[in-house]
Amino acid sequence: MKIWHHLLLFAAIGCGTVAQSDTTMMENGGDRFISGGVVDAPVGGRGDTFLSGRTVVARGVVGGDLHVTGFEVSVRAQTGEDLYAIGGTVDLGGSVTRDMTAAGFSLRTQSDAQTGGNARLMGNTVTIEGPVTGALSVIGQDVILNAAIDGDARILSRTLTFGPDARVGGTLTYGAPEPIAVPDRVATPDRVVFEAISAKGMWDDFDEIQREMPMLPGVASLLFGFVISLLFFLVLGALFLGFMPRRVEKLRQRIAEAPGQSLVLGVLGLAVLFGLVPITALTFIGLPFVPIAILAIVVFWTLGYALGAYSVAMRLWHAFIGDQLPGMIVRLSIYAAAIILVALLNFIPFVGWVVNYTLVLLGIGAMTHAILQRLIGNTGVAFDVDMQPIDED
């Protein structure tokens, strides 16, 4: 399965739970995308089909892969290739030519859910009634097996129950707190492997993984990261001060003249940026633009932080030295000192976070004002009823 199919499936978890009044359908390159609050639509076509909604019922015949996500998922379709389903309650029926992969709090495969390849299931309560031609892999709290498995079966669960139709043609490997009696009709003793699991064993495995993972960075790593971050912001400041000195100076003056308004506009601009992510993810059409929205947040956050630090540092410089604008080297040195000081403030709990966040809001506020001014246009000086100019601030 293509990796972007995985991304679409799991991204649909976020947008599939949004209640929509109408069902939206789109086709592209032979693939069909259907989303809505309640989706009960016949599926078809030679390509892959993606269904997402609060309640989803899939019927019909799909030539390619079928991807379904929602709170309540019911599949009654014949899938030509692979089936992928995830939701709160998942009820699967219909044949699957290749593999089946499903997860849910309550997961059930019906007797007509014939899987031609392997089946991978995960949930709190998992009931398997559909036969599997290949291998079966299950992880769940309570697992009920009542189907014929032609290949091997590996089950990890707290409780494991076998129904009258349970059969395992290969090796049955099960993990449980205690061994259970496996009927011979399910698998003969020479084809049954028990693996004990316990909370202590799980913690031992966790400790082993933790030892293999890198721990907290040392002093040298922290110092190296600090130097790299400082160099990045220095290069960023040098580029903007060298190529856009007038624009940077105008934004700095805006912050100095109206810091309160810049903070308010910073909150507004940041809210718009973060709001772009769920808005672009509401439909499948907007999903490709989600990374762009996230990238915009990172870019504006970084630029706002740098602009805010530079503006505050220059405001302090003018307060103690004078109103004369210093040269390029001096301004860059002031900016570097501001970045170092703000970085050191991060070691002070809460205070460092407040200072950094305030600088970000100031910078984004100035950029938001510039963008709004560009979009709306400059209407000139405003006058009151006595034809006296009004101070914008």
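Owing to the predicted nature of the structure, the values given are computational and were not obtained by experimental measurement. (Residues numbered from 1 in each chain as written. Predicted model: local features only at pLDDT ≥ 70, side-chain atom pairs only at ≥ 80, totals over all residues. Heavy atoms only, no water.)

Digging into the overall build of the protein chain
A tally of helices and strands in the protein chain yields eight helices and 13 strands. Looking at the protein chain residue by residue over its 393 residues, the buried ones come to 39%. Considering only contacts in the protein chain between residues 6 or more positions apart, those separated by 24 or more positions represent 25%. Here the protein chain displays about 21,600 Å² of accessible surface, and carbon together with sulfur accounts for 66% of that area. (Helix = DSSP H or I, 4+ residues; strand = E, 2+ residues; numbered from the N terminus. Buried < 20%, exposed > 50% of the residue type's maximum accessible area, 1.4 Å probe, protein only. Contact = heavy atoms within 4.5 Å. Areas by Shrake-Rupley, 256 points an atom, 1.4 Å probe, with all protein chains shown as cover.)

Examining the sheet that holds strand 4 (residues 66-79)
Taken together, 11 strands build an open sheet; the order of strands is 1-2-3-4-5-6-7-8-10-12-13 and the sheet is mixed. Where the open sheet ends on each side, the last strands, each with one partner, are strand 1 (24-28) and strand 13 (192-196). Within this sheet the neighbouring strands show an average axis-to-axis angle of 20°, counted without direction. With nine bridges connecting them, strand 5 (residues 83-92) and strand 6 (residues 100-109) associate as parallel partners. Along strand 6, the bridge assignment pairs Thr89 with Ser106. (Pairing = 2+ DSSP bridges. Axes fitted to C-alpha atoms, helices over the stretch in contact; angles between N-to-C directions.)

Describing the side chain of Asp82
On the secondary structure map, Asp82 appears in the loop between strand 4 and strand 5. Judged by relative accessible area, Asp82 falls into the buried class, the value being 6%. In terms of polar contacts, Asp82 uses its side chain to reach the backbone amide nitrogen of Asp99, at 2.9 Å. Discounting chain neighbours no more than four positions away, the residues touching Asp82 are Gly64, Asp65, Leu66, Val96, Arg98 and Asp99. (Polar contact = N/O pair within 3.5 Å; in protein donor to acceptor, adjacent residues only side chain to side chain.)

Observations concerning a nonpolar patch on the surface
On the surface, Ile348, Phe350, Val351, Trp353 and Val354 cluster together to form a nonpolar patch covering roughly 510 Å² of accessible area. One can find Ile348 in the loop between helix 7 (328-345) and helix 8 (351-376). (Patch = residues over 30% accessible without salt bridge, like charges linked within 9 Å, V, L, I, M, F, W, Y side chains within 5 Å. Salt bridge = Lys/Arg side-chain N within 4 Å of Asp/Glu carboxyl O.)

Concerning the pairing of strand 5
Burial within strand 5 is extensive, with seven of its 10 residues counted as buried. Judged from the nine bridges that link them, strand 4 and strand 5 form a sheet pairing that is parallel. If you follow Val73 over to strand 5, its bridge partner there is Val90.

A look at the packing of aromatic side chains
The final tally for this structure, using the stated rule, is seven aromatic pairs. Between Phe232 and Phe233, the ring centres sit 5.3 Å apart and the planes meet at 75°, which makes this aromatic pair edge-to-face. Relative to Tyr335, the ring of Tyr310 lies with its centre 6.3 Å away and its plane at 65°, an arrangement referred to as edge-to-face. Taken together, the residues span a long stretch of sequence, with Tyr310 in helix 6 (residues 290-320) and Tyr335 in helix 7 at a distance of 25 residues. (Phe/Tyr/Trp six-rings, centres within 6.5 Å; stacked < 30°, edge-to-face > 60°.)

So, the side chain of Ser74
Counting through the fold element by element, Ser74 comes out in strand 4. If near-sequence neighbours (up to four positions away) are discounted, Ser74 is found in contact with Val56, Val57, Ala58 and Asp91.

Details of the confidence of the model for the protein chain
Scored by pLDDT, the protein chain has a mean of 80; 80% of the residues are at 70 or more. Under a pLDDT of 50 for its full length, residues 1-21 has, in the predicted model, 45 contacts with residues more than four places off or in other chains. Note that residues 379-393 has pLDDT below 50 and, in this model, 13 contacts with residues that lie over four places away or in other chains. (pLDDT = per-residue confidence, 0-100.)

Side note on the environment of Val360
With respect to the secondary-structure elements, Val360 resides in helix 8. Separated by 60 residues in the primary sequence, Val360 and Phe300 place their C-alpha atoms 8.7 Å from one another. Setting aside residues up to four positions removed in sequence, Val360 forms contacts with Trp301, Gly304 and Tyr305.

Some words on the environment of Gly123
Take Gly123: it is sitting in strand 7 (residues 119-128). Once the C-alpha coordinates of Gly123 and Arg108 are considered, the two residues, 15 residues apart in sequence, prove to be 9.5 Å apart. Non-local contacts of Gly123, meaning those with residues more than four positions away in its chain, are made with Gly104, Phe105, Ile139, Gly140 and Gln141.

Points about the pattern of salt bridges
Considering all chains together, one arrives at 10 salt bridges under this definition. A salt bridge links Arg32 to Glu27; the shortest N-O distance between them is 2.9 Å. Via salt bridges that share partners, Glu81, Asp82 and Arg98 belong to a single interconnected network.

Things to note about the environment of Gly116
Its location among the elements puts Gly116 in the loop between strand 6 and strand 7. Through-space distance from the C-alpha of Gly116 to that of Ser95 is 7.8 Å; in sequence the pair is 21 residues apart. The residues touching Gly116, leaving out its near neighbours within four places in the chain, are Val96, Thr97, Arg98, Thr133 and Gly134.

A short note on the nonpolar core
Counting residues in each nonpolar core, the largest one holds 45 residues, and the members touching the most others are Leu51, Leu66, Leu92, Leu121, Leu145 and Leu172. When residues of this core are assigned to their parent elements, the largest contribution, five residues, is made by strand 4. Setting aside residues no more than four positions away along its own chain, Leu92 makes contact with Val75, Arg76, Leu83, Ala85, Met100, Ala102, Leu107, Arg108, Thr109, Gln110 and Ala113. One finds Leu230, Tyr305, Tyr310 and Val342 within the second-largest nonpolar core, a separate group that totals 29 residues. (Core = buried A, V, L, I, M, F, W, Y, C linked by side-chain atoms within 4.5 Å.)

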